[in-house]
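Summary of the model geometry
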Amino acid sequence: MRTLNTKFETIQEAGCDCVKFQKSCLSAKFTKSALQRKYDGPNSWGKTYGEHKAFLEFSMEQYKDIQEFCKTLGIDFTASAMDVVSLHQMDSMNVPFIKIGSGDANNFPLLKQAAALQTPLVISTGMQTFETVDRIVQIMESANKRNFALMHCVSSYPTEPQNCELPRILWLKEKYPNIVIGYSGHEMGIEISTAAVLLGARIVERHFTLDRNQKGSDHKCSLEPLQMKNLVCGIKSLKHTLNSSTSLTITEIISLLDESADVRNALKCSTIEKIMMPCEMNCRDKLGKTLVAAKDLPKGHIISPADLCVKVSEPNGISAEYIDDVVGLQLTQSVSVDEPLFWDHMNNEM
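First, a word on scope: everything that follows refers to the structure included in this document. Quick caveat: nothing in here was measured; it's all calculated off a predicted structure.

1. Examining a negative patch on the surface
A contiguous patch of negative charge, built from Glu160, Glu191, Asp258 and Asp262, is present on the exposed surface. As for its position among the elements, Glu191 is in helix α10 (residues 191-199). In this structure Glu191 comes out as partly exposed when scored by relative accessible area, which is 34%.

So this is what it looks like as structure tokens:
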């Protein structure tokens, strides 16, 4: 915990408002086959992916200790809820908000349960289309949920400047004028995140590390202490600029940030419509959520919502956002509990 204490104290010194972790219940987030997958690369902490994740996961007692320590520093503590079990565990801790990561932005059952909570939500939109983002908003509105924010995000680690597509922030602000829009960045450096604020992002999330050379795939796209401090100070120094202008043009942003080539590239969009980008496919294949059987289902069974779970699976099956299309279909073969569903498992002619 000494390293954690140092990290939190450094975050406090940088002026950050909140420290956020990721909370997973492994059996609720992953299928057995995903946990048993061989995982022995240079960033692994175990022989299987399950061993790796178990090594990295904090217990609830540890999270409570961390929360108490954060209180002594005067900074907020929260976590991303990576499954339904973790969602309710975080809610029980009275955190200031719960993060729903990009990997669960198409996990509609989780979003519906989250929308029923009083706790505010921050929802990232990486690996998702405009249609899925619109469905997120519909779920929130159907539950009369108003205290939530949407984060522009690209799920690529690190994200190259030309893939950041910051104008998506403008699209989100225009389409959802009554929703707080933020930015969850995985790029190198701080200029692009600063540009996101100038475009209208009102929440900024960045990964943080004491040393980018540490073991682990996320360290290389994380900010070290001085970078984090410079980012926070830079954003706070923009207060006058942001108050004196309702919006800045892309040309004005480039000029304000010394015409950085990285910022120029980040302020471009490859397409008008939001799509799942090629650079996001590695993350989608590894951590995208799949429809799996919640119990053993016999051949001829008509699928109901209670028959389905949403998990990370090995192999991937039908993507989670198609859950409503699957309900009501008839199985053409039996499917075992925790097994991913595929379109050829069911009769589409009913």
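2. Examining the packing of helix α7 (residues 108-115) against helix α8 (residues 130-142)
α8 packs onto α7 with a crossing angle of 35° between their chain directions and a minimal axis gap of 9 Å. Considering how the two elements wind past one another, α7 and α8 form a crossing that is right-handed. For the pair α7 and α8, the contacting residues are Phe108, Leu111, Lys112 and Ala115 in the first and Thr132, Arg135, Ile136, Ile139 and Met140 in the second. Here the contact of α7 with α8 is composed, by residue class, of six nonpolar, one polar and two charged.

3. Details of the environment of Gly288
Residue placement: Gly288 occurs in the loop between α15 (281-287) and β8 (289-293). We classify Gly288 as buried; its relative accessible area is 7%. For the pair formed by Gly288 and Asn107, sequence separation is 181 residues and the distance between their alpha carbons is 9.6 Å. Not counting chain neighbours up to four residues away, the residues in contact with Gly288 comprise Cys283, Lys311, Val312 and Asn316.

4. Describing the packing of aromatic side chains
Per the stated rule, a full pass over the model turns up eleven aromatic pairs. Seen in terms of ring centroids, Phe58 and Tyr63 are 5.7 Å apart; in terms of plane orientation they differ by 80°. Their pairing is edge-to-face. Its relative accessible area of 1% is what places Tyr63 among the buried residues. Residues Trp171 and Tyr176 carry aromatic rings whose centres are separated by 6.0 Å and whose planes lie at 90° to one another, so their mutual orientation is edge-to-face. Under the relative-accessibility criterion, Trp171 is labelled partly exposed at 24%. Judged by relative accessible area, which is 7%, Tyr176 ranks as buried. One aromatic cluster is present, built from ring pairs that chain together Phe21, Phe58, Tyr63 and Phe77.

5. Describing the pattern of salt bridges
Within this structure, the stated rule accounts for 15 salt bridges. A salt bridge links Glu205 to Lys20; the shortest N-O distance between them is 3.1 Å. Here Glu205, found in strand β7 (residues 204-206), pairs with Lys20, found in strand β1 (residues 18-23); they are 185 residues apart in sequence, far enough to count as distant. With a relative accessible area of 14%, Glu205 lands in the buried category. By relative accessible area, Lys20 is classed as partly exposed at 25%. Notably, a salt bridge pairs Glu314 with Arg37, separated by 3.6 Å at the nearest N-O pair. Of the two residues, Glu314 is situated in the loop between β9 (308-312) and α16 (323-326) and Arg37 in the loop between α3 (32-35) and α4 (49-56); the sequence distance between them amounts to 277 residues. By relative accessible area, which is 24% here, Arg37 ends up partly exposed. In the salt-bridge network here, residues are joined through shared partners; they are Lys20, Lys99 and Glu205.

The rules behind these values
- Residues numbered from 1 in each chain as written.
- Predicted model: local features only at pLDDT ≥ 70, side-chain atom pairs only at ≥ 80, totals over all residues.
- Heavy atoms only, no water.
- Patch = residues over 30% accessible without salt bridge, like charges linked within 9 Å, V, L, I, M, F, W, Y side chains within 5 Å.
- Areas by Shrake-Rupley, 256 points an atom, 1.4 Å probe, with all protein chains shown as cover.
- Salt bridge = Lys/Arg side-chain N within 4 Å of Asp/Glu carboxyl O.
- Lys, Arg positive; Asp, Glu negative; His and termini not counted.
- Charge placed at Lys NZ, Arg CZ, Asp CG, Glu CD.
- Helix = DSSP H or I, 4+ residues; strand = E, 2+ residues; numbered from the N terminus.
- Buried < 20%, exposed > 50% of the residue type's maximum accessible area, 1.4 Å probe, protein only.
- Axes fitted to C-alpha atoms, helices over the stretch in contact; angles between N-to-C directions.
- Left-handed = near helix turned anticlockwise from the far one by under 90°.
- Contact = heavy atoms within 4.5 Å.
- Nonpolar A, V, L, I, M, F, W, Y, C, P; charged D, E, K, R; others polar.
- Phe/Tyr/Trp six-rings, centres within 6.5 Å; stacked < 30°, edge-to-face > 60°.

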